[in-house]
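# Tertiary structure, described
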Amino acid sequence: MSVIAPRNLTHLDALESEAIHIMREVAAELERPVLLFSGGKDSIVLLRLAEKAFRPGPFPFPLMHVDTGHNFSEVIDFRDRRVAELGERLIVASVQDSIDSGRVTEESGPRASRNRLQTVTLLDAIAEHGFDAAFGGARRDEERARAKERVFSFRDDFGQWDPRSQRPELWNLYNGRINRGEHVRVFPLSNWTELDVWEYIARERLEVPTIYFAHEREVFQRDGMLYAMWEGARLLEDEAPFLESVRYRTVGDMSCTGGVRSLALTLEQVVAEIAATRVTERGETRADDRVSEAAMEDRKRVGYF
């Protein structure tokens, strides 16, 4: 009688298994979860994990995107097409609607951004739909404040986060008990790195928006970062647009998301670039994370992703 040897789990297999376990725990413990889907690489991986966790049935939660109105068109096109392919429900929470209703005030000037305004839009959408859990694609290697997060990151009835009051998580046991008005952010990719994400995308052959690969784009340079020229760009006196071969390590509001010089045209080439870099993606490509050492933590405390 032949004996079938057990398959050894790879590093990616272990990460995938843990993330699927987390998603199923949330579906079992919480009543109204939602998955935040921006069309970016991390949320693309979350969608694949949700497929593996819940297919052939539908997801036990809708998808939601907090749309600043200043997103890359390639990403929005990809978002809508991917959701249609999955046949899932997408909720779009609009920062423009928050501005129009007076909930937030639009910034002005050449360094104006809607990125920080997303917090109010997100919290309003969570309250409007009664969500008690929100899956996000944040990873602990992104930024030092992220490293303080638990997998289940609890928010009070004002949507605020206190890193000192987070619950212990031992042996992959998660306590999903919340009080009325509270909710929990859930990060199934907490133990993943940017390199893990790209290696998983390559292994699964997942489609990603084209801006993740090298392409020629009109950009301008400010504070050591390359920003895309777009209709809302306001150049300073010493700035001028030029063509450059760039790709994006993260996607978000065009006003504060920078590209990196690159010639990587394939998933394998992107993986090689990420393996060689020594700068975190947010440190290299997000202007609002450079405001201060505690910029991300300050935003998270009041309800940011």
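Structure shown above.
The sections below set out a description of the structure shown in this document. Everything numeric here is computed off the predicted structure, so don't read it as measured data.

The next subject is the overall build of the protein. Across its full length, the protein carries nine helices and 10 strands. A buried classification covers 54% of the 305 residues belonging to the protein. If you take every contact in the protein between residues at least 6 apart in sequence, the share linking residues at least 24 apart comes to 73%. Counting only carbon and sulfur atoms, one obtains 51% of the accessible surface of the protein, whose full area is about 14500 Å².

Attention now goes to the pattern of salt bridges. For the structure shown, the criterion picks out 27 salt bridges. Measuring nitrogen to oxygen at the nearest pair gives 3.2 Å for the salt bridge that ties Lys-52 to Glu-204. Remark: Glu-204 occurs in helix 6 (residues 194-204) and Lys-52 occurs in helix 2 (residues 41-54); sequence separation between them is 152 residues. The exposure class of Glu-204 is buried, given its relative accessible area of 16%.

This paragraph deals with the nonpolar core. If you look at the biggest cluster of nonpolar residues, it comprises 63 residues, and the most contacted ones within it are Leu-35, Leu-49, Phe-152, Trp-192 and Trp-198. A total of eight residues in this core trace back to one element, the largest contributor, which is helix 2. Those residues in contact with Leu-49 that sit more than four places away from it in its chain are Glu-16, Ala-19, Ile-20, Met-23, Leu-189, Trp-192 and Tyr-200. By size, the runner-up hydrophobic cluster in this structure holds 15 residues, among which are Val-34, Ile-91, Val-104 and Leu-117.

Now for the packing of helix 2 against helix 3 (residues 73-86). Running from amino to carboxyl end, helix 2 crosses helix 3 at an angle of 5 degrees, the nearest separation of the two axes being 12 Å. As far as their axial angle goes, helix 3 and helix 2 are roughly parallel. Of the residues in helix 3, those in contact with Ile-44, Leu-47 and Glu-51 of helix 2 are Phe-78, Arg-82 and Leu-86. Its residues assigned to classes, the contact of helix 2 with helix 3 comprises four nonpolar, no polar and two charged.

Taken in spatial order, the six strands line up as 3-2-1-4-6-5 in an open sheet, and their pairing is mixed. Two strands lie at the open edges of the sheet, namely strand 3 (90-94) and strand 5 (152-155), each paired on one side alone. Each adjacent strand pair in this sheet contributes to an overall mean axis angle of 30 degrees, direction not counted. Sheet topology places strand 4 (residues 133-135) next to strand 6 (residues 183-186); three bridges connect them, and they run parallel. Following the sheet pairing, Ala-134 is matched in strand 6 by Arg-185.

Our focus in this paragraph is the environment of Pro-60. Within the secondary structure, Pro-60 sits in the loop between helix 2 and strand 2 (63-67). Among the residues examined, Pro-60 registers a relative accessible area of 40% and is labelled partly exposed. The sequence separation of Pro-60 and Val-26 amounts to 34 residues, and the corresponding C-alpha distance is 9.9 Å. With residues near it in sequence (within four places) discarded, Pro-60 still touches Ala-27, Pro-33 and Phe-54.

A two-sided burial pattern is seen for strand 8 (residues 225-228), the buried positions comprising Met-225 and Tyr-227 on one face and Leu-226 and Ala-228 on the other. Here strand 7 (residues 215-222) runs beside strand 8; their pairing, made up of four bridges, is antiparallel. Looking at the pairing, Arg-222 lines up with Met-225 of strand 8. The hairpin formed by strand 7 and strand 8 contains two residues between the paired strands, and Asp-223 there has a positive phi angle of roughly 55 degrees. The sheet contact formed by strand 8 and strand 10 (residues 258-261) spans two bridges and is antiparallel.

Around the barrel, which closes on itself, the four strands sit in the order 7-8-10-9 with antiparallel pairing between neighbours. Going from strand to strand, the sheet's axes swing by 70 degrees on average, the running direction of each strand aside.

To continue, consider the packing of aromatic side chains. Tallying each qualifying case throughout the model produces eight aromatic pairs. Their ring planes at 80 degrees and their centres at 5.2 Å tell us that Trp-192 and Tyr-200 sit as a pair that is edge-to-face. Trp-192 gets classed as buried once you look at its relative accessible area, which sits at 1%. Residue Tyr-200 is classed as buried on the basis of its relative accessible area, which comes to 0%. Put simply, the rings of Phe-54, Phe-59, Phe-61 and Phe-135 pair up and form one aromatic cluster.

So, about unusual backbone geometry. Of note, the amide linkage connecting Arg-55 to Pro-56 takes the cis form, showing an omega dihedral of 15 degrees. One can find Pro-56 in the loop between helix 2 and strand 2. One non-glycine residue, Asp-223, lies in positive phi territory at about 55 degrees. Within the element layout of this structure, Asp-223 appears in the loop between strand 7 and strand 8.

Cut-offs and rules
Residues numbered from 1 in each chain as written. Predicted model: local features only at pLDDT ≥ 70, side-chain atom pairs only at ≥ 80, totals over all residues. Heavy atoms only, no water. Helix = DSSP H or I, 4+ residues; strand = E, 2+ residues; numbered from the N terminus. Buried < 20%, exposed > 50% of the residue type's maximum accessible area, 1.4 Å probe, protein only. Contact = heavy atoms within 4.5 Å. Areas by Shrake-Rupley, 256 points an atom, 1.4 Å probe, with all protein chains shown as cover. Salt bridge = Lys/Arg side-chain N within 4 Å of Asp/Glu carboxyl O. Core = buried A, V, L, I, M, F, W, Y, C linked by side-chain atoms within 4.5 Å. Axes fitted to C-alpha atoms, helices over the stretch in contact; angles between N-to-C directions. Parallel < 35°, antiparallel > 145°, perpendicular 65-115°, else oblique. Nonpolar A, V, L, I, M, F, W, Y, C, P; charged D, E, K, R; others polar. Pairing = 2+ DSSP bridges. Phe/Tyr/Trp six-rings, centres within 6.5 Å; stacked < 30°, edge-to-face > 60°.

In short, geometric facts, not functional conclusions.
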